[in-house]
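Summary of structural features
One-letter residues, chain by chain:
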Amino acid sequence: MTKKALTIFLSLILLLPVLIYFMVWNYYAINIPKFDDHALKEFILYYSQASSWKEKIWLLFKQHNEHRISLTRLISWWDYSLFGSLNYRHLMTTGNLLLLAVIPLWYELLKKNKKPLSALLPVPFLWLTLAFWENMYWGMAAIQNFGVVTLAVWTLYLCINFKTLPFVISLILAGVTILTSGNGLLVLPLGALLLFLTGNRKRFALWLVVSAVEIFCYFNWYTKPESNPESKATIFQFIKGYMAFLGSFAESFPVADHIKVCFFMGIVLFLVAISIVSTTLFRIVRNKYSQKFERITDLFCLGTILFILATALIVVYSRAGFGFDTLVTSRYKIYSVLLLIVAYLYVVIPIRGSFLSPYVTSIVFLGVIFNIFSYHYHLVDAYNLRKELTTSQFNWTFTDKELKSPTDTSFAANIVEKTPVFYNKLLPLISVADRQTYAGNSRGLTELYDRNTFKAGEENLTIENNTFTSQRLQDSGIYILLSSKERYYLFPALRTRNTSRKELFLKQYYFAPGFRANIPFSEMDKGLYDVALIRQQGDQTGILFQNQKVRVKETKKKTVKVNW
C-alpha cells in the first residue's frame, strides 16, 4: 500500500467514530430546553430589550450559579440573530464540535513527536462515545462542559508555544475559557506555572498581569451561590468519591458493580497521574531533552493533568452534598477520559521503531471495545432523556383539555424555534380515548395494562411492569396519560439496562424486560385522575383507560434557589 493510500485508509478509520457519534447524537437530540436551558430564553428576552451597552455587558457576564457562561450566552444570541429563533440542537452541535476540537490537538502532539498518523487511531474511539450523553443532548451544558475542557487544553498548549502569535492567542483563549465555566479559572495559575517552568520571564510577567485583571473582573461582583447543599461526607467518603470521579469512564464496563470498578480504575489513573507529574517535573527541572518539542509535551501534559486533578477536587468538594452517584454522572466523565488519553500519550510517545505498531494496534482494539461498551451501556440513558424532555414539554404546553397550542404571539413566547414532536399525532386520539376508553391501532393493550402494578403514595404514583419486551428506540415505548376534569398530564415509562451480556451484545437487546414510571404529585395540580397507558410502537399507537384512578393531593414542589 502506498503512503497516500495508507493515509486515506487511516483517515477513514479516524472518521468512523466521528460519524457514529454524530449519527447517534442526531437520532436522539431534540430542540427542547432542559433545566438551565430555560435561562437562555430569559437572557435573549432581556438582551434584546436592553437599552444601553452597559446593560448588555451586564447581562452577558452576569453570574449563573458559580459560573459565568458568557460564551454560551453569546452563541445563543448569535443563533437567535442568525435564524430568527433559538434552537437548542444548534447549541448542542456547537458543544459537540468543541469536543471534537481536542482530536486535532492530539494529532499535533503526536506529529511533532514524530509519530505516524496511525498513533492517533485510539483517540477518537476513546474520546467520542455515548458516555458523554448528558452533555451531548443538553444545549447549555454541551457548550459549557465540553467547551471549557477544549479551550483549557488549547490554552495550556498555546501559552508554552515557542512562537509569539500562539502565546497571544492563548491570552485571548484564557479569557474565553474562564467565561465558559467556573473551573476555567484554573488555566490562569496553571498557565503561570508552565510559563515559570519555561523560564520565559517576559511571558510569565505578562500572564500574571492579565490573570490579575481577569480574576479581579470575575470576582468583583461575585456572590456565593446557595444552591449547593452542604456536604456531610467523611474523609474516607471524600477520597472514595474523588477516585470514582477519576475512574468514571469505566462505568460502562460489563461488570456487576459499576461503582467499584470506577473506584478501582480511579485509583489506577490517580497513581498514573502522580507518576506522570513527578516524572515530568523531574525531566523539566533537569532540562535535558533530545529535541525541543519533548519539553513542550511534558509541560502540556503536566498542566493538563493538574487541571484534571484540581477540577476533580473542586467538583467532589462542591457536589458531594448531592450524593455519591452525582460524582460518576455523565456530565463529568469527560475529565476521566481526558486523563486516559493523556496517559496514552505517555505510553505511545516513548515507543520507537517496529515496537510502535503492535502497541497501537492493541490500544486501538481496546479503544474500540470501550467505544462499543459505552454505546451499549448508555443508549438507555439517551432514550429515557428524550422521553423525559418530550413529555415535560407536553405538560407545560397543554394546560387544559382543548389540547391546542397556546396562540401567544408575544416575543417571549416565540424565542425558541417550534419543533415537531411525536405526541402531535396523539392529540386527536387522546380526546377520543378520554370519551370511550380506547383509541388507536395498537393491539394487546388490555393484557399489557393488566400486567402493571399501580402504587399510589403520599407524594407520587409508581407504575411497574416486568414483562414488556419491546426493543424499539427513539420515541417508541410506553407513556402514562393522566386525565382530570381540567387537563391532561403525560409522563414517560422509563426502561432499564439489560444486564444479560449475551442478549446485549449478540442480540442488541438494550432494555431489560419491563418499565417503571415514577410520577411525582408535585408536578401536577390536585384532583382525581384517570390513568391511561399509551403504547407507541413505530407507526402503531394505542391509548387505553381502565378503572385505575389516582387522587392527587396538593404537594409542594421542592425548588433549588438559583441566581439566574
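Residues numbered from 1 in each chain as written. Predicted model: local features only at pLDDT ≥ 70, side-chain atom pairs only at ≥ 80, totals over all residues. Heavy atoms only, no water.

Let's talk about the nonpolar core
- Counting 140 residues, the largest nonpolar core has Trp106, Trp127, Tyr137 and Phe300 as the members making the most contacts within it.
- If one sorts the elements of this core by residue count, helix 9 (residues 139-159) sits on top with 14 residues.
- Apart from the residues lying within four places of it in its own chain, the contact partners of Tyr137 are Val24, Trp25, Tyr28, Ala29, Met92, Leu130, Ala382 and Leu385.
- Of all hydrophobic cores here, the second largest spans 23 residues; its members include Tyr449, Ile478, Phe515 and Tyr529. (Core = buried A, V, L, I, M, F, W, Y, C linked by side-chain atoms within 4.5 Å. Buried < 20%, exposed > 50% of the residue type's maximum accessible area, 1.4 Å probe, protein only. Helix = DSSP H or I, 4+ residues; strand = E, 2+ residues; numbered from the N terminus. Contact = heavy atoms within 4.5 Å.)

So, the packing of helix 4 (residues 70-83) against helix 5 (residues 88-100)
- Where helix 4 contacts helix 5, the two axes come as close as 10 Å, and the packing angle between them is 130 degrees. By the angle between their axes, helix 4 is oblique relative to helix 5. Considering how the two elements wind past one another, helix 4 and helix 5 form a crossing that is right-handed. Only His90, Leu91 and Thr94 of helix 5 make contact with helix 4, whose side of the interface consists of Ile75, Ser76, Asp79 and Phe83.
- Class assignment for the residues of the contact of helix 4 with helix 5 results in three nonpolar, three polar and one charged. (Axes fitted to C-alpha atoms, helices over the stretch in contact; angles between N-to-C directions. Parallel < 35°, antiparallel > 145°, perpendicular 65-115°, else oblique. Left-handed = near helix turned anticlockwise from the far one by under 90°. Nonpolar A, V, L, I, M, F, W, Y, C, P; charged D, E, K, R; others polar.)

Notes on helix 17 (residues 356-397)
- Taking 1.5 Å per residue, 42 residues should reach 62 Å; helix 17 reaches 58 Å between its end C-alpha atoms and fits that length.
- Its maximal kink placed at His378, helix 17 deviates by approximately 40 degrees. (Expected span 1.5 Å × (residues − 1). Bend = angle between axes of the 7 residues up to and from the residue.)

Some details on the sheet that holds strand 3 (residues 460-465)
- Read from one edge of the open sheet, three strands run 2-3-6, paired in antiparallel fashion. Among the strands making up the open sheet, the edge pair consists of strand 2 (453-456) and strand 6 (515-520). Between one strand axis and the next, the sheet turns by 10 degrees as a mean value, whatever way the strands run.
- Inspection of the sheet shows strand 3 paired to strand 6 by six bridges, in the antiparallel sense. Bridged to Leu461 within strand 6 is Ile519. (Pairing = 2+ DSSP bridges.)

Notes on the pairing of strand 8 (residues 540-552)
- Alignment of strand 1 (residues 438-440) against strand 8, held across three bridges, turns out to be antiparallel. Within the sheet, the bridge partner assigned to Gly440 lies in strand 8 and is Gly542.
- Relative to strand 8, strand 7 (residues 527-537) runs antiparallel, the two sharing ten bridges. Each residue of the ladder has a partner; that of Arg535, found in strand 8, is Gly542.
- Hairpin remark: strand 7 followed by strand 8, antiparallel, with two residues in the connecting loop; positive phi at Gly538, about 65 degrees.

Focus on the environment of Val24
- Secondary-structure assignment places Val24 in helix 1 (residues 3-28).
- Relative accessible area serves as the criterion here: at 18%, Val24 is assigned to the buried category.
- C-alpha of Val24 to C-alpha of Gly527: the two residues are 503 residues apart in sequence and 40 Å apart in space.
- Apart from the residues within four sequence positions on either side, Val24 is in contact with Leu130, Tyr137 and Tyr375.

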